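# Fold and contact review
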Amino acid sequence: QVQLVESGGGLVQPGESLRLSCAASGRIRSINSMGWYRQTPGNQRELVATIAPSGTTTYADSVKGRFTISRDDAKNTIYLQMNSLKPEDTAVYHCNADVRKMGYSWYTNYWGQGTQVTVSS
């Protein structure tokens with residue numbers, strides 16, 4: 001089985017920073033695209049940022065210039081550096097990854113349980 005475990009969430013004031021981590025574990029052969037999504041109560045999960053194995057990144061317009069996604073393939077881990085946080089960034093942040101397990105020839109999409117980020121004064 002493959003697991004994605006997020007960490008690094010918390011309560012911060014507007015303008016402050018947080019760094020989220022997501023580590024994938026299990027019988028992993030390779031990981032394709034990885035990303036961060038966020039969800040608030042009553043709303044659909046929305047894309048925050050993605051990163052391809054090549055390092056190519058995409059960002060939601062609302063976080064461009066403030067958030068940076070990165071990956072460490074040796075650790076099967078991605079990060080989300082969040083700067084200049086705003087109250088509207090408050091959400092549960094979920095990690096997502098396309099993982100090829102050992103012994104398999106295709107990729108399966110996985111989600112983490114999420115970590116709460118609250119931005120409030």
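Below, the structure is looked at part by part. The model shown is predicted, which means the values in this text are computed figures rather than measured ones.

Tracing the chain through its elements places Thr115 in strand E11 (residues 115–119). A polar contact is formed between the side chain of Thr115 and the backbone nitrogen of Gly9, at a distance of 3.2 Å. Filtering out sequence-adjacent residues up to four positions away, Thr115 remains in contact with Glu6, Ser7, Gly8, Gly9, Leu20, Ala91, Val92 and Tyr93.

Time to look at the sheet that holds strand E8 (residues 77–82). Pairing in this open sheet of four strands is antiparallel, and the strands run E1-E3-E8-E7 from one edge to the other. Strands at the two margins of the open sheet, each flanked by one partner only, are strand E1 (3–7) and strand E7 (67–72). Pairs of neighbouring strands in the sheet enclose a mean axial angle of 15°, with direction left out of account. Looking at chain direction, E1 and strand E3 (residues 18–25) are connected through five bridges and run antiparallel. Residue pairing across strands places Glu6 opposite Cys22, the latter belonging to E3.

On to the state of the cysteines, then. Taken as a whole and assessed by the stated rule, the structure comprises one disulfide. Disulfide partner of Cys22: Cys95, at an S-S distance of 2.1 Å. The sign of the S-S torsion, about -80°, decides the handedness of the disulfide formed by Cys22 and Cys95: left-handed. On the criterion of sequence distance, the pair formed by Cys22 in strand E3 and Cys95 in strand E9 (residues 91–101) is long-range, its members being 73 residues apart. One exposure class covers both Cys22 and Cys95, and it is buried.

A few words now on the side chain of Arg71. Examined against the element boundaries, Arg71 turns out to sit in strand E7. A polar contact of 3.1 Å, which involves the side chain of Arg71, links it to the backbone oxygen of Ile51. At 2.8 Å, the side chain of Arg71 and the side chain of Asp73 are in polar contact. Dropping the residues within four chain positions of it, Arg71 is found in contact with Ile31, Asn32, Ser33, Met34, Ile51, Ala52, Pro53, Thr77 and Ile78.

On to the nonpolar core, then. Core analysis: the largest hydrophobic core is formed by 30 residues, its most contacted members being Trp36, Val48, Phe67, Leu80, Met82 and Tyr93. Those elements that place two or more of their residues in this core are E3, strand E4 (28–39), strand E5 (46–51), E7, E8, E9 and E11. Among the elements that take part in this core, E9 stands out by supplying five residues, more than any other. Apart from the residues within four sequence positions on either side, Tyr93 is in contact with Glu6, Leu20, Trp36, Tyr37, Arg38, Val48, Phe67, Leu80, Met82, Gly114, Thr115 and Val117.

Rules of the game
- Residues numbered from 1 in each chain as written.
- Predicted model: local features only at pLDDT ≥ 70, side-chain atom pairs only at ≥ 80, totals over all residues.
- Heavy atoms only, no water.
- Helix = DSSP H or I, 4+ residues; strand = E, 2+ residues; numbered from the N terminus.
- Polar contact = N/O pair within 3.5 Å; in protein donor to acceptor, adjacent residues only side chain to side chain.
- Contact = heavy atoms within 4.5 Å.
- Pairing = 2+ DSSP bridges.
- Axes fitted to C-alpha atoms, helices over the stretch in contact; angles between N-to-C directions.
- Disulfide = S-S within 2.5 Å.
- Buried < 20%, exposed > 50% of the residue type's maximum accessible area, 1.4 Å probe, protein only.
- Core = buried A, V, L, I, M, F, W, Y, C linked by side-chain atoms within 4.5 Å.

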